[in-house]
Amino acid sequence: MSKSANPESRPLIALFGSPNSGKTSLFNCLTGGREKVGNYPGVTVEKAVGKISLPSGEVDIVDVPGLYSLRTISHDEEVAKEALLGKSRPDLMIFVLDAVNLERSLFLYSQVAEGDGPVIAALTMTDLAEKEGKTIDTVELSRRVGSPVVPVIAHKKIGVDELIAAAEAQMGEGGPEFDLGYPRIVSDAVADLSIDPAMPDIEPEEIRAQLLEDDAEGSPEWKAALAKARDELFASGIQAKTLDTQTRYAWASSCVKACVETKGQLDKTRSQKLDEILTHKVWGLGVFLAIMYAGFYSIYALAIPLMDLIEAAVGAAGSFVSPLITYNDALRSLVVDGVIGGVGAALVFLPQILILFVFIGILEGTGYLARASFMMDKLLGWCGLNGRAFIPLLSSFACAVPGIMAARVMPEPKARLATIMVAPLMSCSARLPVYVLLIGAIIEPKFGTGWAAFALFAMHFVGLIFAVPVAWILSRKILKGRRVPFTLELPRIQLPKWRDIWVLVMTRGRIFLKTAGTIIFFMSIAIWWLSYFPRSVEATQAYELEYSQMPYVEGETIGFDAYVERRQSEESYLGRLGKGLEPVFKPAGFDWRITTAILAAFPAREVVVSAMGILFSHGPDEAEDSQTLRDAIANATWPDGKPLLNIWNAMGLMVFFALCAQCMATLATIKREAGSWQWAGAAFAYMTLLAYICAVFLNKVGAAFG
Amino acid sequence: MKTAGQDLKFSELRPGMRARVENYASTGPDTHRFMDLGLVPGAEFEVLREAPFGGPIEICLFGSSLCLRRCEGDCLLVKAINSN
């Protein structure tokens, strides 16, 4: 173990395998579900590391993202591959061979296992293979692949002890020996090249790869020698481009032929029979709609009471703590509104995240997710996304935070990033109070209930309409990287493994709280600070004096406390910023009060309602259906007496909230899931710009026609 | 009616047909990904079904399913080896 990939002395095992091969299930079983998840430096690919106990001591095990090949991988996967197979290799590789997909597994094995590190193979899905009448001769398979093969059924813990014993025994051994059976002319060419004086210090496998793949690296003499050898190959009629893959697949097929015995001609399996309904052009869509409806309905029905509970608990904690801090108003407000409020702001997302991931876990574990992606691909594919984007986008109509996290079901980094970037445009439930308030204040009184209902309905499509071109531009013009064709495997339909779902849900919840939750917490405190300070006894006394000198106007004069709060909010840093930015928002027809309300709503859109309550009416406790708040907004005027909001800039304000990125939880989640602040910043910038342009446009249209 | 032995485009295949990969119309990342999944020249597969709205086509290769988009699959040159 001289070239350990792990500088911290503990040996490192890397777990390789294709997607859907049961790799994650095995990883959860080996690590007991305790894993640390981070990202590979600078990319979206997650790195999950756990610990396992071998008789000789603890070792680290890393779950390598599922791959089909070491060659056609995205830039992000390349980083992960480089980290694992680059300069220092892991001390041992456990390779997952999928018994129902053995050819494809062996193809990847032939690439991964080429090298000098020890490898053991875990043969998964043997229970499924048995049901399909297949028996696998593991002794013969082991002889052919050159490393120990251990059958494992992870969720039943069968074969796990044997796998650990094999891992212990193989540590420190050499790499597996297997003969892929390249045509004679190729092995001769490699043998000739390996004694070429210009040869860099590389293994024969590397020479062969450079020869066949046409990617020579080294001195000009070496490149010339390779080019000459390649010309000779072509002259003999060999298609070098496809030869490597063909040879490996021929080797895989020969292994399967020698090691797998299939009993008789089988009827269709249960999975295939189910598929005839599940992916049927008519019934399949019906089942899809029913499953999605049931799934999202239960997320909604279960999450709402839990969220109410969290909000009630946060409120109760606030009112419990509040009377205990009597000596300093600012400290009390910091603890109650800043700290407790901030914790609540992060916790409130947890029910939706956990329940959504239970749903995703079931869909993934049964294999239905792939079927649904198969059916949805055409609808989502033409704007550069793919069928797998439907769960993240659908979830985002409830809340973008779990929606963005759900984008991890997409293995293609480009499409995943595009999905993450457009997910916040979906009309989430936090926009509803804003729509209800403004429609109730401006549209309903003028046009009646029918048009009000239509406006509410139409507002839900505004974001979706913009999401299509944004996704198209992102994936076609902006996001760089190789375009990989969309391919999808439909794994066998199975019962879900509850343990894997439990691990998935717990891991996602923990990651959210640790990363995004922390950011949300600190942003809450920052916003609290901006809206609380500056504040002084003198200033408060001045507001009190102002109030006492104001003439009483029926229907306009508000309570004493509400007046002081309005003046304090006006003079806070946030209020000053709002006043300072008024010229920027004036083209959209917004005054400093609306501007301040927009700024105050940065933590979350629905905060705009209480902010407008303070700035226009009786205080922060008025809900979006309060008639006094609606009247106050409808009757608000510019200093010159012109009405502040007409139908056009009221629509502009709603569209602004439909398109803007006023939600720090979303931005924090984008930062976590896309791996950098850059993407969170980009989302904020393009959405705000889009929102602003649309609001200004509507106001100008209003000015022209109104 | 497509008959056995006919050269076809991938998108012309219909459920129930069996076909063999003859070659690739182009080389590039697309063809690499398909070859890595086992669609090497000489590989035989069966067309299982088509997704709604003209979506991807599901094929059965080595006893496992694989779905490709029609347009992207057209870099494959295939030959029908029997027909229903």
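Residues numbered from 1 in each chain as written. Chains lettered and ligands numbered in written order. Predicted model: local features only at pLDDT ≥ 70, side-chain atom pairs only at ≥ 80, totals over all residues.

Caption draft 1: Representation of the environment of R144 of chain A within the structure. Residues and elements named next belong to chain A. As for its placement among the helices and strands, R144 is situated in helix 5 (residues 138–145). Here the alpha-carbon distance between R144 and T247, two residues 103 residues apart in the chain, equals 15 Å. In this structure, R144 is in contact with F178, C255, A258 and C259, ignoring residues within four places of it in sequence. (Helix = DSSP H or I, 4+ residues; strand = E, 2+ residues; numbered from the N terminus. Contact = placed C-beta atoms within 7 Å.)

Caption draft 2: Examining the sheet that holds strand 5 (residues 64–68) of chain B more closely. Strand order across the open sheet formed by seven strands is 10(A)-5(B)-4(B)-3(B)-2(B)-6(B)-1(B), with antiparallel pairing between neighbours. In this open sheet, the two edge strands, each paired with only one partner strand, are strand 10 (487–488) of chain A together with strand 1 (7–9) of chain B. (Pairing = 2+ DSSP bridges.)

Caption draft 3: Seen up close, the interface of chain B and chain A. Counting residues at the interface gives 27 residues for chain B, matched by 33 residues for chain A. Where the side of chain B that touches chain A is concerned, the elements lending two or more residues are helix 1 (29–36) and strand 5 of chain B. Considering every element that reaches the side of chain B that touches chain A, the biggest residue donor is helix 1 of chain B, with six residues. Considered class by class, the residues forming the side of chain B that touches chain A number 13 nonpolar, seven polar and seven charged. Bridging between strand 10 of chain A and strand 5 of chain B involves two bridges; their strand directions are antiparallel. Among the inter-strand pairings, L488 of chain A is bridged to a residue of strand 5 of chain B, identified as C67 of chain B. (Nonpolar A, V, L, I, M, F, W, Y, C, P; charged D, E, K, R; others polar.)

Caption draft 4: Inspection of the sheet that holds strand 8 (residues 149–151) of chain A at higher detail. Residue and element names in this part refer to chain A. Reading across the sheet, the seven strands line up as 2-3-4-1-5-6-8 and stay open at both edges, with mixed pairing between neighbours. Edge strands, defined here as strands with exactly one partner in the open sheet, are strand 2 (35–39) and strand 8. Direction aside, the axes of adjacent strands within the sheet are offset by 25° on average. In this sheet, strand 3 (residues 46–54) lies alongside strand 2 in antiparallel orientation, the contact comprising five bridges. If you follow V37 over to strand 3, its bridge partner there is A48. Across the sheet, helix 3 (residues 102–112) is in contact with strand 1 (12–16), strand 5 (92–98) and strand 6 (119–124); its angle to strand 5 comes to roughly 160°. (Axes fitted to C-alpha atoms, helices over the stretch in contact; angles between N-to-C directions.)

Caption draft 5: Expanded view of helix 9 (residues 220–235) of chain A. All names here are of chain A. With 16 residues, helix 9 extends 22 Å from end C-alpha to end C-alpha; this agrees with the ideal 22 Å at 1.5 Å per step. Those residues of helix 9 not exposed but buried are W222, A225, L226 and A229. Viewed along the axis of helix 9, the buried residues span an arc of 95°, placing them on a single side of the element. Structural note: helix 9 exposes P220, D231, F234 and A235 on the side pointing more than 90 degrees away from its buried face. Residues of helix 9 that are buried in the fold lie against helix 7 (184–194) and helix 8 (204–213). (Expected span 1.5 Å × (residues − 1). Buried ≥ 20, exposed ≤ 12 C-beta atoms within 10 Å, placed from the backbone. Arc of directions from axis to C-beta.)

Caption draft 6: Region of interest: the pairing of strand 5 of chain B. Residues and elements named next belong to chain B. Strand 5 sits mainly inside the fold: five of its five residues count as buried. On strand 5, burial covers both faces: S64, L66 and L68 on one face and S65 and C67 on the other are all buried. Alignment of strand 4 (residues 57–61) against strand 5, held across five bridges, turns out to be antiparallel. The residue bridging L61 from the neighbouring strand is S64, located in strand 5.

Caption draft 7: A look at the packing of helix 13 (residues 329–347) of chain A against helix 20 (residues 498–532) of chain A. Residue and element names in this part refer to chain A. Where helix 13 meets helix 20, the closest approach of the two axes is 8 Å, and the angle between their N-to-C directions is 150°. Considering only the axes of helix 13 and helix 20, their crossing is right-handed. Mapping the contact onto sequence places A330, S333, L334, D337, G338, V339, G341, G342, V343, A345 and A346 in helix 13 and L513, G517, I520, F521, S524, I525, W528 and Y532 in helix 20. Of the residues in the contact of helix 13 with helix 20, the class split is 12 nonpolar, six polar and one charged. (Left-handed = near helix turned anticlockwise from the far one by under 90°.)

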